[in-house]
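# Remarks on the overall topology
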Amino acid sequence: MQLKYLFIIMSSLLLVSCDNSKYKIPLQEILSSQNNQALCYFLPNNQNTFPKDIFFNQQTEILHLFVDLGFLETKKITAKLLKNNTTKKTNTPLDIEGLRYQLTNEGKKYFVGNKGAFCFGDIIIDKVNDTYNIEMIRGGFQVDTGKWIDYNYHYTNIPDWAYDQRFEQYYKKISLNSQILHSARATYYNSNNSYETGINKTKLITLKTKDEE
């Protein structure tokens, strides 16, 4: 359930005094079951499937960075390009050279195809701080009750390659310091015993725009 369709309709939120730690286990299970790789270096949309053939002078600096890291390998390829010869009224095939980018065995450990990204790291919940009873309207009509759950978490299992300073040229990213605690607010829905973790894992690291490079 996307939070943009969630409306809190209680004017006062009640702090729950019960044992907050009971929410830690189910929240951690959800984070771990959702392909618990917290952080991803996303590739540009036209360069995020492999094998990928690149011709002409397309910008491939990001791909070459992952070649240097040993996650991609390249080989030279040729293809036929039909060029219209307006003088002779014939189509003349030309040989053009390009590069084929393929995942290495090491790259396959980190590449997540449905994200088009190299992903890594885990989210670990440190402590559930407070919970609040809430009443909400979901989808514009359905009234539901539940809780807000405020908690702290940190990242762990971050590989050494993820700290490569060359990433800073292409990506906006949060701190990869595993000692830093981050805050989030999860939402629990009584109607179907489900959680929204409050962490949008797919947007933690994003590509810079041309203006930001």
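Our structure's up above, just so we're on the same page.
Below: a short report on this structure. Keep in mind it's a predicted model, so treat the numbers as computed, not measured.

Here the focus is the pattern of salt bridges. Going through the model one piece at a time under the given rule, you end up with five salt bridges. Notably, a salt bridge pairs Asp68 with Arg166, separated by 3.2 Å at the nearest N-O pair. Here Asp68 is found in helix 2 (residues 61-68), whereas its partner Arg166 is found in the loop between strand 10 (142-156) and strand 11 (171-173), with 98 residues between them in sequence. You can call Arg166 partly exposed: its relative accessible area is 35%. Glu106 serves as the salt-bridge partner of Lys109, at 3.0 Å between the closest nitrogen and oxygen. Taken together, the residues Lys109 and Glu106, both in helix 3 (residues 105-110) and three residues apart, mark about one turn of the helix. Residue classification places Lys109 among the exposed positions, given a relative accessible area of 56%. For Glu106, a relative accessible area of 32% translates into the label partly exposed. Overlapping salt bridges bring together Asp68, Asp164 and Arg166 as one network.

As a further point, take the side chain of His182. As for its placement among the helices and strands, His182 is situated in strand 12 (residues 182-189). Ignoring sequence-local partners within four residues, the contact set of His182 consists of Tyr151, Asn152, Tyr153, Tyr155 and Ile174.

Okay, the environment of Ser194 next. Checked against the element boundaries, Ser194 lands in strand 13 (residues 194-196). Residues Ser194 and Leu27, spaced 167 residues apart in sequence, show a C-alpha to C-alpha distance of 9.6 Å. Within the structure, Ser194 has its side chain in polar contact with the side chain of Asn192 (distance 2.6 Å).

Moving on: helix 2. Within helix 2 the residues assigned to the buried category are Ile62, Leu63, Leu65 and Phe66. Down the axis of helix 2, the buried set is contained in an arc of 155°. They therefore lie on one face. In the stretch just after helix 2, Gly70 is the one whose phi turns positive, near 90°.

This part is about the environment of Asn20. In this fold, Asn20 is placed in the loop between strand 2 (14-15) and helix 1 (24-33). According to the relative accessible area criterion, Asn20 is buried, its value standing at 12%. A sequence separation of 130 residues divides Asn20 from Asp150, and the C-alpha atoms of the two residues are 9.6 Å apart. Beyond its immediate sequence surroundings of up to four residues, Asn20 is in contact with Val128, Asn129, Asp130 and Thr131.

On to the sheet that holds strand 7 (residues 111-112). Two strands in a sheet stick together by hydrogen bonds in their backbones, pointing the same way (parallel) or opposite ways (antiparallel). If you trace the three strands from one edge of the open sheet to the other, you get 3-8-7, paired in antiparallel fashion. Each edge of the sheet is formed by a strand with only one pairing partner; in this case those strands are strand 3 (39-42) and strand 7. The sheet contact formed by strand 7 and strand 8 (residues 117-120) spans two bridges and is antiparallel. When the sheet's bridge partners are listed, Phe111 is paired in strand 8 with Phe118.

What counts and how
Residues numbered from 1 in each chain as written. Predicted model: local features only at pLDDT ≥ 70, side-chain atom pairs only at ≥ 80, totals over all residues. Heavy atoms only, no water. Salt bridge = Lys/Arg side-chain N within 4 Å of Asp/Glu carboxyl O. Helix = DSSP H or I, 4+ residues; strand = E, 2+ residues; numbered from the N terminus. Buried < 20%, exposed > 50% of the residue type's maximum accessible area, 1.4 Å probe, protein only. Contact = heavy atoms within 4.5 Å. Polar contact = N/O pair within 3.5 Å; in protein donor to acceptor, adjacent residues only side chain to side chain. Arc of directions from axis to C-beta. Pairing = 2+ DSSP bridges.

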